[in-house]
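Descriptive structure summary
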Amino acid sequence: LHTYNTIINGLCKIGETTVAAGLLKRMNDAGCQPDVVTYNTIIDSTCKDRLVHEALDIFSQMKGKSIKPDVITYTSLMHGLCNSGQWKEASALLNEMMGLNIMPDVVTFSMLIDTLCKEGEVSEAQGVLKKMTEKGVEPNIFTYNSLMDGYCLRREVVEARKILDVMISKGCSPDVLSYSILINGYCKIKRIDDAKQVFDEMIHRGLIPDTVSYSNLLSGLFQAGRVLEAKEVLKNMYTQGHSLNLITYSILLDGLIKQGCFDQALELFRDMQNSYLKPDLAIYNTIIDAMCKSGKLKDARELFLELSVKGLQPNVRVWTTIINGLCREGLLDEAYKAFRQMEEDGCPPD
RNA sequence: GCGUUUGAUGAGCGU
């Protein structure tokens with residue numbers, strides 16, 4: 001059973017939920033009865049594939065076989081429902097589980113808090129925090145990080161900072177994520193010096209900044225027009241042995257372009273094409289947009305055509321960039337043609 | 001005795 005569960009989990013984690021579900025069926029035939037772990041693994045993975053309805057079907061099957069769902073089953077399902085905006089259904093499940101005397105734990109509460117925060121409902125989230133504490137469930141680093149991010153999304157970075165201090169005073173040591181959330185928050189409100197200070201503070205506390213914390217700082221510096229400092233940070237990043245990923249590249253490219261260093265950006269783009277990293281749609285879109293906006297519509301259209309050669313299907317954002325580029329040049333007929341073609345290509349306009 | 005399988009948190013592009 002452990003072997004089956006381990007393999008099913010592995011399959012789910014590499015995106016083969018269907019194969020995993022097939023294995024679940026074969027277990028039944030092979031006389032090895034799946035348990036709550038088997039079902040939880042598949043239910044969670046099905047939810048993450050955004051097939052919450054199917055997950056609920058599997059949930060019913062499981063109950064039909066008298067396998068008792070536990071707090072993990074309910075948390076996975078509620079997470080799936082929340083991610084697809086089905087709040088009522090999620091709250092019905094919460095009631096159902098409590099009716100069965102299955103009490104939400106710190107993961108359940110943190111998930112709910114995170115969901116509320118992402119919707120901008122930080123005071124609601126604070127309410128949940130209060131409730132969980134009353135029930136004797138102590139918040140952990142996940143709970144605090146979600147709350148911090150919630151405040152940062154609302155640009156209430158001072159509140160986020162207070163949470164970080166609460167964490168420290170409660171002996172819940174902030175991790176790299178906590179700091180990178182705060183760095184991002186300060187960058188978004190253009191308080192770059194505070195962001196830098198938080199970055200240093202993180203190092204002083206013995207944490208090793210990762211690619212995300214560097215990325216946050218980089219994009220903040222670019223947005224503030226502090227290109228030289230950005231390059232300095234990039235150098236540090238290399239020195240510390242971090243390599244660039246697609247997101248870091250796109251931050252650099254976008255930053256260089258928006259600061260008027262188009263040639264440097266183009267050079268970086270060429271480097272990238274020669275590296276093992278294959279530019280994704282966001283990278284192409286950055287370059288295409290820059291070309292459109294600097295009167296190089298011809299180059300932009302060439303690059304756009306190159307996408308399908310590279311096996312990339314333009315998404316809504318890329319189409320919008322191109323349509324906007326055509327409109328700017330007054331080529332309204334061409335723009336309209338593109339508009340119709342995107343639908344034909346199975347990319348409905350938004 | 002212990003460990004071994006399932007759930008929660010951070011960065012990029014267009015209008």
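See the structure above.
Summary of the structure given here. (Residues numbered from 1 in each chain as written. Chains lettered and ligands numbered in written order. Predicted model: local features only at pLDDT ≥ 70, side-chain atom pairs only at ≥ 80, totals over all residues. Heavy atoms only, no water.)

**Looking at the packing of helix 3 (residues 36–48) against helix 4 (residues 52–64)**
Running from N to C, helix 3 and helix 4 cross one another at 165 degrees; their axes reach a closest spacing of 8 Å. When the axes of helix 3 and helix 4 are compared, the pair comes out roughly antiparallel. In this structure, helix 3 meets helix 4 at a crossing whose hand is left-handed. In contact with Val-36, Tyr-39, Asn-40, Ile-42, Ile-43, Thr-46 and Cys-47 of helix 3, helix 4 contributes Glu-54, Ala-55, Ile-58, Phe-59 and Met-62. Residue classes in the contact of helix 3 with helix 4 are distributed as 9 nonpolar, 2 polar and 1 charged. (Axes fitted to C-alpha atoms, helices over the stretch in contact; angles between N-to-C directions. Helix = DSSP H or I, 4+ residues; strand = E, 2+ residues; numbered from the N terminus. Parallel < 35°, antiparallel > 145°, perpendicular 65-115°, else oblique. Left-handed = near helix turned anticlockwise from the far one by under 90°. Contact = heavy atoms within 4.5 Å. Nonpolar A, V, L, I, M, F, W, Y, C, P; charged D, E, K, R; others polar.)

**Quick look at the protein's contact with RNA strand B**
Surveying the vicinity of RNA strand B reveals 58 residues, the closest of which are Asn-40, Asn-145, Ser-180, Ser-250 and Thr-320. Within 4 Å of the protein, the atoms of RNA strand B are drawn from sugar and phosphate moieties in a proportion of 45%. Here a base nitrogen of RNA strand B and a side-chain polar atom of Ser-180 are 2.7 Å apart. If one sorts the elements of the surface near RNA strand B by residue count, helix 7 (residues 106–118) sits on top with 7 residues. (Near = heavy atom within 4 Å. Polar contact = N/O pair within 3.5 Å; in protein donor to acceptor, adjacent residues only side chain to side chain.)

**Quick look at the pattern of salt bridges**
In total, this model carries 17 salt bridges according to the counting rule given. Among the ionic pairs, Arg-154 bridges to Glu-156, the shortest N-O distance being 2.9 Å. Here Glu-334 ties to Arg-301 by a salt bridge, and the two come within 2.9 Å at their closest N and O atoms. With Glu-334 in helix 20 (residues 332–344) and Arg-301 in helix 18 (residues 297–309), the pair connects residues that are 33 residues apart, well separated along the chain. Given the relative accessible area of 33%, Arg-301 is considered partly exposed. Taken together, the shared-partner salt bridges connect Asp-193, Lys-196, Arg-226 and Glu-229 into one network. (Salt bridge = Lys/Arg side-chain N within 4 Å of Asp/Glu carboxyl O. Buried < 20%, exposed > 50% of the residue type's maximum accessible area, 1.4 Å probe, protein only.)

**Focus: the packing of helix 5 (residues 71–83) against helix 6 (residues 87–99)**
Following both chains from N to C, one finds helix 5 and helix 6 inclined at 165 degrees, their axes separated by 8 Å at the closest point. By the angle between their axes, helix 5 is roughly antiparallel relative to helix 6. Here helix 5 runs over helix 6; the crossing is left-handed. Contacts between helix 5 and helix 6 involve Val-71, Tyr-74, Leu-77, Met-78, Leu-81 and Cys-82 from the former and Trp-87, Glu-89, Ala-90, Leu-93, Leu-94, Glu-96 and Met-97 from the latter. Here the contact of helix 5 with helix 6 is built from residues that sort into 11 nonpolar, no polar and 2 charged.

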